[in-house]
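In case you want the letters, here they are:
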Amino acid sequence: MSAPAASQTVLVTGASGFIAQHTILQLLQAGFRVRGTLRSLAKEPEVRKVLGDNLPAGASLDRLELVAAELTRDDGWEAAVRGCRFVVHMASPLPSTPPAHEDDLIKPARDGAVRVLTAAAAARAAGDGPTRVVMTSSVAAVLYGHARDGSKVYDERDWSELTPLVGAYEKSKTIAERAAWELVGKLPADQRFEFCTINPGLVLGPILSADVNTSAELVRKLLKRELPGCPNVGWAMVDVRDVAAAHVAALTAPEAPGKRFIAAIEHASMLDVATILADKYAARGYRVPTGKIPGWLMKVVSLWDKTARLAVQELGLRQDLSTKQTRELLDWKPRPLAEMVTAMADSMIAHRVV
Ligand code: NDP
């Protein structure tokens, strides 16, 4: 740990989240003080318990403070950023089913980002604000609305095209990230701070408690055999520990400001994930489905099933992404697919989720 880290505070928004908790643990281990935001401090005991149960060697919860702030309201944000050297803005809704209205996701994502960045700018002007803000975006802001047929590898220069077929979550991440870059680009000199984004793929890896978030649903559903087989869909996936590490590195990497960083490994199919799980866990009684579900059947089921409708839109599409910039500028070395899948499965078994 460098000497200054001990006196530097990092604000992490959405401290109850899956990625945020891993990030907080890595920040504490690196010696930073952490201030986390929660929608309500009613969750504080639960969050402290989960973090306390998973503390790495050398980290202490004495260096963690939790404060209340909600993305849809102004209260609390200015006080939250005051005195922080860095901000990691991660909070954003990630539901497992489509919302009643797309604005239910777009508004908190976009307005929340604007609130956090505006508070950071005001604190800068007052001489008490962060020098750098790292925002968690997504490959949802990079890939969607494009052909994704294997003929192109997408990178940080690509932005999702918000065609009518693009879902509410992907829209929320694209609109929020665009709003953030626009706001940061227009700041007057006295309010300016450095800014970059981390754009993860589908996040797997160890869960820290039995509270399962949306990106754990794939592994959970396969282990519980809640699906009859695997449709032809796939993702660029990434281990949560590597996503957290990318955020921590981006706080201080000299060449990070002004850049987007894709955090995901190469495309893999749902059948690839199912096969890894079947190979390792069949002997322990888990009947992981490894058959294929044909596209026509998905289309029929999607007439009444909302989750199937989401899958139909993704049938046959690929997530081919370059992580050259992330590897080079953040010294990023992501774990392979089998490791993130089995780490998630092992942790689900340990927490009795499956
Ligand atoms: P989680 O659902 O575990 O965490 C989301 C966090 O955002 C929670 O702390 C949640 O609080 C908070 N939040 C949601 N809505 C609000 C609100 N209105 N006001 C305040 N806080 C709010 O998801 P992840 O950890 O997976 O996601 C974290 C970030 O990473 C998000 O920005 C997500 O879009 C992004 N991401 C995630 C990927 C994934 O596969 N998991 C992939 C790519 C990007 P509460 O606990 O109270 O609900």
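Before reading further, recall that the structure is shown in the block above.
The structure displayed is predicted, hence computed values, not measured ones.

Thresholds applied
Residues numbered from 1 in each chain as written. Predicted model: local features only at pLDDT ≥ 70, side-chain atom pairs only at ≥ 80, totals over all residues. Heavy atoms only, no water. Helix = DSSP H or I, 4+ residues; strand = E, 2+ residues; numbered from the N terminus. Rg over C-alpha atoms; globule rule 2.2 N^0.38 Å. Buried < 20%, exposed > 50% of the residue type's maximum accessible area, 1.4 Å probe, protein only. Pairing = 2+ DSSP bridges. Right-handed = clockwise from strand over helix to strand, strands pointing away. Axes fitted to C-alpha atoms, helices over the stretch in contact; angles between N-to-C directions. Contact = heavy atoms within 4.5 Å. Phe/Tyr/Trp six-rings, centres within 6.5 Å; stacked < 30°, edge-to-face > 60°. Lys NZ or Arg CZ within 6 Å of the ring centre and 35° of its normal. Parallel < 35°, antiparallel > 145°, perpendicular 65-115°, else oblique. Left-handed = near helix turned anticlockwise from the far one by under 90°. Nonpolar A, V, L, I, M, F, W, Y, C, P; charged D, E, K, R; others polar. 1 Å grid on protein atoms, 1.4 Å probe; cavity = no way out; pocket = protein on both sides within 12 Å on 5 of 7 lines; lining within 4 Å. Points joined across faces, edges and corners; volume = space filled by probe spheres on them. Expected span 1.5 Å × (residues − 1).

A tally of regular secondary structure across the protein chain gives 12 helices and 10 strands. Taken against the 2.2 N^0.38 rule, which gives 20 Å for 354 residues, the C-alpha radius of gyration of the protein chain at 20 Å falls within 12% of a compact globule. Reported as C-alpha extents along the three principal axes, the dimensions of the protein chain are approximately 60 × 45 × 40 Å. Across the 354 residues in the protein chain, those meeting the buried criterion constitute 52%.

Counting buried positions over the 6 residues of strand β8 (residues 234-239) gives 6, a clear majority of the element. Residue alternation in β8 divides its side chains into two sets, Gly234, Ala236 and Val238 and Trp235, Met237 and Asp239, and both sets are buried. Bridging between strand β7 (residues 202-204) and β8 involves 3 bridges; their strand directions are parallel. When the sheet's bridge partners are listed, Leu202 is paired in β8 with Met237. A crossover connection joins β7 to the parallel β8 through helix α6 (residues 217-223); in handedness this β-α-β unit is right-handed. Alignment of β8 against strand β10 (residues 267-269), held across 3 bridges, turns out to be antiparallel. Bridged to Ala236 within β10 is His267.

Once that is clear, we can look at the sheet that holds β8. The 3 strands are arranged β7-β8-β10 in an open sheet whose pairing can be described as mixed. Two strands bound the open sheet, and with one partner strand each, they are β7 and β10. The average undirected angle you get between the axes of adjacent strands in this sheet is 55 degrees. Contacts from helix α7 (residues 240-252) reach β7 and β8, with the element oriented near 65 degrees to β8.

A word on the sheet that holds strand β6 (residues 194-200). Taken in spatial order, the 7 strands make up an open sheet running β3-β2-β1-β4-β5-β6-β9, and their pairing is parallel. The sheet is open, and its two edges are formed by β3 (64-68) and β9 (260-263), each paired on a single side. Going from strand to strand, the sheet's axes swing by 20 degrees on average, the running direction of each strand aside. Note that strand β5 (residues 132-136) and β6 share 5 bridges and pair parallel. Note that in β6 the partner of Val134 across the bridge is Cys196. Packing of helix α4 (residues 103-125) onto the sheet brings it into contact with β4 (86-89), β5 and β6, and relative to β4 it is tilted by some 175 degrees. Seen against the sheet, helix α5 (residues 168-185) touches β5, β6 and β9 and runs at an angle of roughly 165 degrees to β6.

Another aspect to go through is the packing of aromatic side chains. One pair of aromatic rings is described through two measures. These are the centre distance and the angle between the planes. In the structure shown here, the tally under the stated rule is 3 aromatic pairs. Between Phe32 and Phe86, the aromatic rings sit 6.1 Å apart at their centres with planes inclined by 85 degrees, giving edge-to-face as the arrangement. Of the two residues, Phe32 is situated in the loop between α1 (18-29) and β2 (33-38) and Phe86 in strand β4; the sequence distance between them amounts to 54 residues. Look at Phe32 and you get buried, because its relative accessible area is 7%. The side chain of Arg148 reaches across the aromatic face of Tyr144, ending 4.4 Å from its centre. Sitting above the plane of the Trp159 ring, Arg178 keeps its charged end 4.2 Å from the centroid.

Okay, the packing of α1 against helix α2 (residues 44-53) next. At a minimum axis separation of 10 Å, α1 and α2 run at an interaxial angle of 55 degrees. By the criterion of interaxial angle, the relationship of α1 to α2 is oblique. α1 and α2 meet at a crossing whose hand is right-handed. Along the contact surface, α1 presents Gln21, Ile24 and Leu25, while α2 presents Val47, Val50 and Leu51. The residue makeup of the contact of α1 with α2, split by class, is 5 nonpolar, 1 polar and no charged.

Looking now at empty space enclosed by the protein. This structure, assessed with the given rule, holds 1 cavity of 30 Å³ or more. Empty space within the largest cavity amounts to approximately 40 Å³. The wall of the largest cavity is formed by His89, Met90, Ala91, Ser92, Ala109, Ala113, Met135, Thr136, Lys173 and Ala176. For the lining of the largest cavity, the elements supplying multiple residues, two or more each, are α4, β5 and α5. Across the lining of the largest cavity, the residue classes break down as 6 nonpolar, 3 polar and 1 charged.

Before going further, it helps to examine helix α8 (residues 270-281). Taking 1.5 Å per residue, 12 residues should reach 16 Å; α8 reaches 16 Å between its end C-alpha atoms and fits that length. Turning to α8, its buried residues are Met270, Val273, Ala274, Ile276, Leu277, Ala278 and Tyr281.

All right, on to the packing of α8 against helix α12 (residues 337-350) then. Where α8 meets α12, the axes come as close as 10 Å, and the angle between the chain directions of the two elements is 55 degrees. As judged from the angle between their axes, α8 and α12 are oblique. Crossing angle aside, the handedness with which α8 passes α12 is right-handed. Listed contacts from α12 to Asp272, Val273, Ile276, Leu277, Lys280 and Tyr281 of α8 are Leu337, Ala338, Val341, Thr342, Ala345, Asp346 and Ile349. Broken down by class, the residue content of the contact of α8 with α12 amounts to 9 nonpolar, 1 polar and 3 charged.

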